[in-house]
Amino acid sequence: MFQQFKTASYAHAEYLCKTDLSMLKEKIEEFLTWLPLDKVYLETHRGIYDVPREKMEAIKELFASYGIKTSGGITSTLSIEGHEKHTIFDVLCYTDSVYRKRYLEIVRDTAKMFDEIILDDFFFTSCRCSECIEAKKDRSWPEYRLDLMAGLAEEIVAAAREENPDCFFIIKYPNWYESYQDCGYNPQVQRDIFDGIYTGVEARNPQYDAQHIQRYLSYSLIRFMEQIAPGRNGGGWFDEGGSSDNMNAFVEQASLALFAGARELTLFNFESMASSPLTAVLGQQLERMDQVLGHLGTPMGVSVYEPFDAEGEDQLMNYLGMCGVPLEPTPVFCEEAPSMLLTASSAKDPDVVEKLKEYVRKGGHAVITSGFLSSTMDRGIRDMTTAVPTGRRASGNVYFVDNYNRNHRFYCEGRRPVYLQVLDYKTNATWCQIGLITDECNFPLMLEDFYGEGNLYTLNIPDDFSQLYRLPKDVLTDIGRVMTRNLPVFLSADAKYGLFEYDNSTFAVYSFRPVDENLEIILRGDEYKGIVDLETGREYYPLLTGVEPQKRFDAAKAKSEVREQILEVPFTAGFCRFYRLIGKEE
């Protein structure tokens with residue numbers, strides 16, 4: 001067994017209904033050949049399948065004979081003859097008393113057999129039957145469904161406790177966090193109803209799967225859920241979907257969840273994972289993770305304000321995470337955060353602009369996106385910047401980078417064009433730090449405004465978020481420099497690197513790149529003199545220092561900045577490395 005985390009798997013009801021004990025015994029032994037197993041979630045119901053109690057008790061005994069704990073699982077899909085509903089995946093209509101009654105029976109039966117139950121991520125509804133339309137009345141669908149599912153959560157937890165007072169009830173939240181409110185997932189309320197939560201970290205294929213999920217989500221969603229229910233996020237759940245043809249992408253789901261502090265990993269599903277060649281690869285990687293995780297501290301990063309039930313620039317933070325920016329998403333506005341990112345989702349908070357003004361005025365360091373800017377134009381954001389969205393578009397692949405405080409302008413070129421919205425701004429009231437150059441004009445990619453004692457930056461996001469990956473290394477470096485201003489480490493790299501920083505002077509880097517290359521890691525300040533690889537013991541020391549601040553033109557001064565020290569390390573494609581900062585006095 002592993003020391004830093006536990007491993008589990010989920011056996012679905014169709015498999016348990018169709019298998020026999022001798023075949024299941026073979027599967028268990030096959031699974032254990034590649035990976036230790038602390039627990040298995042045994043599903044009692046899914047769709048048309050219900051596992052008979054007598055058979056389930058025999059299955060529990062079989063797993064127990066191998067020292068494997070068992071818990072119950074439910075997938076909330078069902079179709080009742082004579083009451084068929086026109087819904088996605090046959091998720092239940094909880095407005096219909098017939099479906100509600102049958103679902104409560106399933107919960108009660110499961111609680112009789114298990115002291116712990118997890119709901120697979122179908123505990124939602126998107127039903128728009130006539131009964132739902134009538135019950136909704138003049139509310140929006142999100143309002144109706146959030147209330148409906150919160151009430152149902154209380155009902156099923158109470159039902160389970162009636163049958164088994166010791167029952168520990170867990171809700172698993174899916175990877176499509178931006179859609180929760182439209183389907184009734186209500187973590188703001190449900191976190192206080194259920195005993196625990198669980199996180200879906202399935203990364204999917206970002207190019208071909210419709211969810212637009214980037215691989216960084218396997219880290220960021222664990223961190224988000226930890227902020228929602230501190231200490232009660234049971235772990236990360238993943239599968240082969242979108243990664244069966246890419247061993248690295250499959251293993252990354254587990255590794256990134258562990259980077260984020262997951263306490264348990266659940267592999268879906270037991271039947272396929274027992275026979276999958278990916279399981280053996282995963283076992284090897286988890287052995288490695290178990291050796292190094294104990295050296296890492298608590299994750300830290302740029303605070304990303306993601307209010308409950310928010311939408312707008314969906315999944316954007318994960319694209320930025322794939323550009324080497326360490327992020328810490330949270331459902332609350334963190335007034336004490338040293339730096340923060342606000343996207344269009346942040347504008348869900350009606351008071352967000354006033355909070356932002358107060359934060360920056362007192363010396364805060366904030367980056368807003370063009371989506372946030374557009375969403376708050378009528379709410380006072382013009383007090384902080386002259387930037388105005390025009391609705392026009394421009395494209396190009398040549399850029400200038402002109403940090404005001406460094407008085408050092410340079411130019412760089414990307415391989416493919418990026419399409420941006422044109423933001424108008426007023427010269428010398430707002431500073432253009434990064435510009436996109438076209439034939440005889442240029443347009444802002446990142447703007448800077450001085451407000452009170454702090455700084456506000458506006459990052460212009462392409463309509464197609466994946467075009468962020470087209471930005472050249474020098475542009476991404478400057479964006480990373482701005483966003484990670486108060487962190488000890490940032491990267492100078494092309495897109496498709498992940499940076500993960502911890503509060504004990506350690507950090508990790510994950511390459512999502514297709515090729516091996518040298519990576520530049522930049523240390524801030526004089527507190528550290530180098531880095532050491534936590535696994536190999538190899539030490540790396542700075543080769544260069546960054547550009548120092550210089551007084552610009554007729555300005556009276558240049559604001560002092562911490563010194564930057566640039567190191568270079570060789571990096572293997574699809575690999576991760578762990579480092580510790582070497583203190584100046586070591």
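For the chain, an unreviewed UniProt entry supplies the name Permease and the organism Hungatella hathewayi.

A. Summary view of the nonpolar core. Ranked by internal contacts, the top residues of the largest apolar core, which has 140 residues, are Phe123, Ile156, Phe194 and Phe259. A total of ten residues in this core trace back to one element, the largest contributor, which is helix α6 (residues 141–163). No fewer than three residues from each of domain 1 (6–294) and domain 2 (300–583) sit in this core. Apart from the residues within four sequence positions on either side, Phe123 is in contact with Ser76, Tyr94, Tyr103, Met149, Leu152, Ala153, Ile156, Ile171, Tyr185, Gln190 and Phe194. Within the second largest apolar cluster, 23 residues are counted, among which are Met340, Phe372, Leu423 and Cys432.

B. View of the pairing of strand β27 (residues 564–571). Extensive coverage of β27 is indicated by the burial of six of its eight residues. Note that strand β23 (residues 517–524) and β27 share eight bridges and pair antiparallel. When the sheet's bridge partners are listed, Ile521 is paired in β27 with Leu567. Strand direction decides the pairing type here: strand β26 (residues 544–545) and β27, joined by two bridges, are antiparallel. Paired with Thr545 across the strands is Gln565, a residue of β27.

C. Looking closely at the sheet that holds strand β16 (residues 408–424). Strand order in the open sheet formed by nine strands is β12-β11-β13-β14-β19-β18-β17-β15-β16, with mixed pairing between adjacent strands. Each having just a single partner strand, β12 (327–330) and β16 make up the two edges of the open sheet. Between one strand axis and the next, the sheet turns by 30° as a mean value, whatever way the strands run. As paired elements, strand β15 (residues 388–403) and β16 share twelve bridges and run antiparallel to each other. By the bridge assignment, Asp402 is partnered in β16 with Arg409.

About the criteria used
Residues numbered from 1 in each chain as written. Predicted model: local features only at pLDDT ≥ 70, side-chain atom pairs only at ≥ 80, totals over all residues. Heavy atoms only, no water. Core = buried A, V, L, I, M, F, W, Y, C linked by side-chain atoms within 4.5 Å. Buried < 20%, exposed > 50% of the residue type's maximum accessible area, 1.4 Å probe, protein only. Helix = DSSP H or I, 4+ residues; strand = E, 2+ residues; numbered from the N terminus. Domains from an automatic or database assignment. Contact = heavy atoms within 4.5 Å. Pairing = 2+ DSSP bridges. Axes fitted to C-alpha atoms, helices over the stretch in contact; angles between N-to-C directions.

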